Amino acid sequence: MRPVRVLVAKPGLDGHDRGAKVVAAALRDAGMEVIYTGLHQTPEMIATAAVQEDVDVIGLSILSGAHMTLIPRVQDLLREQGRDDVLITGGGIIPKEDMEALTARGIGRLFGPGTPTSELVGYIKGWFAEREKQEA
Amino acid sequence: MPRSADTLLSDFDAGKVPALARAVSVVENHREGYDALLGALHSRTGRARRIGITGPPGAGKSTVTALLVANYRSAGLKVGVLAVDPTSPFTGGALLGDRVRMEAIALDSGVYIRSMATRGSLGGLAAATREVADVLDAFGFDRILIETVGVGQSELDVARTADSTVVVLVPESGDSIQTLKAGVMEIADIFVVNKADRPGADRLRNDIELMLGLRKGVSFGNIPAHHGVDLKRVNPAKVARDAAASESNSWTPPVLSAIAREGKGMQELIDALDRHFAYLERTAKLAERRGGRTRERVMELVESGFKRRVWSDDATQRRLEQMLPDVEKRSTTPFDAAEQILEQSADLMAKPREKGR
Ligand SMILES: Nc1nc2c(ncn2[C@@H]2O[C@H](COP(=O)(O)OP(=O)(O)OP(=O)(O)O)[C@@H](O)[C@H]2O)c(=O)[nH]1
Ligand SMILES: [Mg+2]
C-alpha cells in the first residue's frame, strides 16, 4: 500500500509551531509522507498546498481560537476544487459544541491538547484503510 | 476520489490543478493505467527547460529555488517545482519541508509545487522523478526546477536528468569539498556558493575554481584585493571566462556567490542558466543530453518489460524451480540453467501486452 500523504499546517497568528512539528514527526515515524508548511498559514495557502500535493489528509494545529472560521474555510476551498474527499483533522483547544458543529459539517476528529499523537496516528490509519477498501 | 482515466485527462487538458496533482500521484505510485497516461502525454513533453538544484542539507536550495521561481514568474513564465526529500528507510515515512521556504510563491497560480519522497524507488529515483517531470512538462510549464539533497548517488542521478544542474554549496562545505568532489564536481553546470554573508565564502570559491583548473596561468596579481564580500567585485578570470563562454563550444562551470536569504546573486544565476542553455543549444549538447535520456528510458522499459514477461510466465517459473536443485547439486551450472530459461523465453517476447498494465 502506498504511504498516506498528510499536509501538516499551522494556521492562525500565534507564534510557535512546536506542536505542529511534533505531530509532523509522529506521522512520519508512523510511515506517512508529511508535507510540512510552517507557521501562519492562511486557509488559501493550506487548500492550495493540499491540492497541489494531492494529499489524503490535512492535519491542522489550531490554538488561536479561530477554528470556527478557519476550518470551514479550508473545507469550502477544497470543495471548490473538487477535493471534498480530503480528511480534515488535527488538534487544538476546541469547545465541545464547536466540535459537534464541525463534525456535522463533515470535519474529521479534532483532538484536545495533551492527546497522545498515537491516537491521531491510529485515527488517520484507520480512516485511510477504510477508504482504500471502499475504492478497491 | 476515483476518477476515470478519461475525466482525468480532459481535466488535465483543461489546465485543472487537481487533475495535474492526481496525474502526478498516478505516475508516482505506478497506479493502474500510469503507462497509458504517460503515453498520452508524451507528445506534449520536451518543451520545458529542466533545472536541477542540488547540494548539501540546509545549503539554501529551497530559498534559491523560490527566488528563481519568482524571477521566472516576473518574466511571465510558468514554473513547476519538484522538491525531493529522503524517505526514512526504517519507517517508510518522510518529512517534506521544502515548502516552508517557498511561501512567497505558494499562492501564485502560475506555480505548481510538488514534494516527493525518495521511497524505495526500485526502478530508480531518477526514473521516477523524470516521469513526474514529464507530467509537469506536458501540463505546460516553461521551467521545471528539481530540488534534491545532494548526498547519495541516487540524488546525483536525479540532478543528472536535468538540462542544467546547479550545485549550491555553503562556506561550511569547504572542509568537505574533497569528499564532494567525486560526484558533485562532474555534475555541476553552475556552482553557487550561498551564504556568502558568512566567512569562508571567498575561500571556497577559490578552492572550487582551483579544482576546476581555472586559475591555471592566471596570475593572482590580477585579482584585486578585497575585504569581506563584494558581489560586484570584478574578477578578471571570470570576466575572461564569461566572454569566452558566450561564444565558445566548451563550458566551464561558473562559480557564483549568493546571499539567497537577502535575494542577492540571483540575477547572476539566472544569467548563468540562460548562458548555459544557450550553450547547450548552440553545441547540440541539448539534443545529446535529451537523446541520452530517451535512450535510457526506452532501455529501462525494455528491461522491466522483459523481466515482467519472463517471470509472470508460469511455465518459466516451474522450469526455474525444476532446475534449481540441479544447480545446487552441481550437476549443472547457473549459467547453463539461465541459458535454458532464456532460450525458452523467446516466444514470451511476442506475447501481446497483458491488459491492465
Ligand atoms: N546566513 C544565511 N542563511 C541563509 C542564506 N540562504 C538561506 N539561508 C538559511 O539557511 C536555512 C536553510 O535554507 P533552505 O533554503 O531551507 O535550505 P535547503 O538546502 O533547501 O535545505 P534542505 O532542503 O533541508 O536540505 C534557512 O534557515 C535559510 O533562511 C544565506 O544566504 N545566508
Ligand atoms: Mg530544501
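Here is a short report on the structure shown in this document. (Residues numbered from 1 in each chain as written. Chains lettered and ligands numbered in written order. Predicted model: local features only at pLDDT ≥ 70, side-chain atom pairs only at ≥ 80, totals over all residues. Heavy atoms only, no water.)

**Here we look at the overall build of chain B**
Okay, so step 1: A tally of helices and strands in chain B yields 13 helices and eight strands.
Okay, so step 2: Look at the contacts in chain B between residues 6 or more apart in sequence, and 74% of them connect residues 24 or more apart. (Helix = DSSP H or I, 4+ residues; strand = E, 2+ residues; numbered from the N terminus. Contact = heavy atoms within 4.5 Å.)

**Points about the packing of aromatic side chains**
Okay, so step 1: Considering all chains together, one arrives at five aromatic pairs over all chains under this definition.
Okay, so step 2: Following the ring pairs from residue to residue traces out a cluster consisting of Phe12, Tyr112, Phe139 and Phe141 of chain B.
Okay, so step 3: Over the ring of Tyr123 of chain A we find Arg109 of chain A, and its NZ or CZ is 5.5 Å from the ring centre.
Okay, so step 4: One Lys or Arg, Arg143 of chain B, reaches over the ring of Tyr72 of chain B and ends 4.9 Å from the middle of that ring. (Phe/Tyr/Trp six-rings, centres within 6.5 Å; stacked < 30°, edge-to-face > 60°. Lys NZ or Arg CZ within 6 Å of the ring centre and 35° of its normal.)

**Some remarks on unusual backbone geometry**
Residues and elements named next belong to chain B.
Okay, so step 1: Non-glycine residue Lys195 carries a positive phi angle of around 60°.
Okay, so step 2: Topologically, Lys195 is positioned in the loop between strand S7 (190–193) and helix H8 (201–211).
Okay, so step 3: You can call Lys195 partly exposed: its relative accessible area is 22%.
Okay, so step 4: Despite not being glycine, Arg330 has its phi angle at roughly 70°, a positive value.
Okay, so step 5: Summarising the element assignment, Arg330 is placed in the loop between helix H12 (314–328) and helix H13 (334–344). (Buried < 20%, exposed > 50% of the residue type's maximum accessible area, 1.4 Å probe, protein only.)

**Considerations on the coordination of the magnesium ion (ligand 2)**
For a metal with four tetrahedral donors the ideal donor-metal-donor angle is 109.5 degrees, whereas six octahedral donors ideally subtend 90 or 180 degrees.
Residues and elements named next belong to chain B.
Okay, so step 1: Coordination sphere of the magnesium ion (ligand 2), protein contribution only: Ser62 (OG), Asp98 (OD) and Glu147 (OE), at 2.0 to 2.2 Å.
Okay, so step 2: Site description for the magnesium ion (ligand 2): donor spacing in sequence, S-x35-D-x48-E. Linking Ser62 in helix H4 (residues 61–74) with Asp98 in the loop between strand S3 (94–96) and strand S4 (111–117), this pair joins segments that are 36 residues apart in sequence. For the pair Ser62 and Asp98, a shared accessibility class is recorded, and that class is buried. (Donors = N, O, S within 2.8 Å, 3.2 Å for Na, K, Ca; no water.)

**Points about the sheet that holds strand S2 (residues 33–36) of chain A**
Okay, so step 1: The six strands are arranged S5(A)-S4(A)-S3(A)-S1(A)-S2(A)-S3(B) in an open sheet whose pairing can be described as parallel. Both edges of this open sheet fall to strand S5 (110–111) of chain A together with S3 of chain B, since each of them pairs with a single strand only.
Okay, so step 2: Pairing of strand S4 (residues 87–92) of chain A with S5 of chain A, which is carried by two bridges, proceeds in the parallel orientation. Bridged to Gly90 of chain A within S5 of chain A is Leu110 of chain A. (Pairing = 2+ DSSP bridges.)

**Here's the deal with the site of ligand 1**
Residues and elements named next belong to chain B.
Okay, so step 1: Among the 17 residues in the neighbourhood of ligand 1, the closest are listed as Gly60, Lys61, Ser62, Thr63 and Asp197.
Okay, so step 2: Within the backbone of Ser62, an N or O atom sits 2.8 Å from an oxygen atom of ligand 1.
Okay, so step 3: Between ligand 1 and Arg101, the relevant distance is 3.2 Å, taken from an oxygen atom to a side-chain nitrogen or oxygen of the residue.
Okay, so step 4: Considered on its own, ligand 1 offers 650 Å² of accessible surface; in the complex 81% of this is hidden by protein.
Okay, so step 5: The dominant element in the shell around ligand 1, judged by the number of residues it contributes, is H4, at three residues.
Okay, so step 6: Considering only residue class, the shell around ligand 1 consists of four nonpolar, five polar and eight charged. (Near = heavy atom within 4 Å. Polar contact = N/O pair within 3.5 Å; in protein donor to acceptor, adjacent residues only side chain to side chain. Areas by Shrake-Rupley, 256 points an atom, 1.4 Å probe, with all protein chains shown as cover. Nonpolar A, V, L, I, M, F, W, Y, C, P; charged D, E, K, R; others polar.)

**Observations regarding the packing of helix H2 (residues 17–28) of chain B against helix H3 (residues 34–41) of chain B**
All names here are of chain B.
Okay, so step 1: Put simply, H2 and H3 touch, their axes get as near as 9 Å, and they point 125° apart. Classed by the angle they form, the pair H2 and H3 counts as oblique. When you trace H2 past H3, the crossing you get is left-handed. Side by side, H2 and H3 meet where Ala23, Val26 and Val27 of the first sit next to Tyr34, Leu37 and Leu38 of the second. (Axes fitted to C-alpha atoms, helices over the stretch in contact; angles between N-to-C directions. Parallel < 35°, antiparallel > 145°, perpendicular 65-115°, else oblique. Left-handed = near helix turned anticlockwise from the far one by under 90°.)

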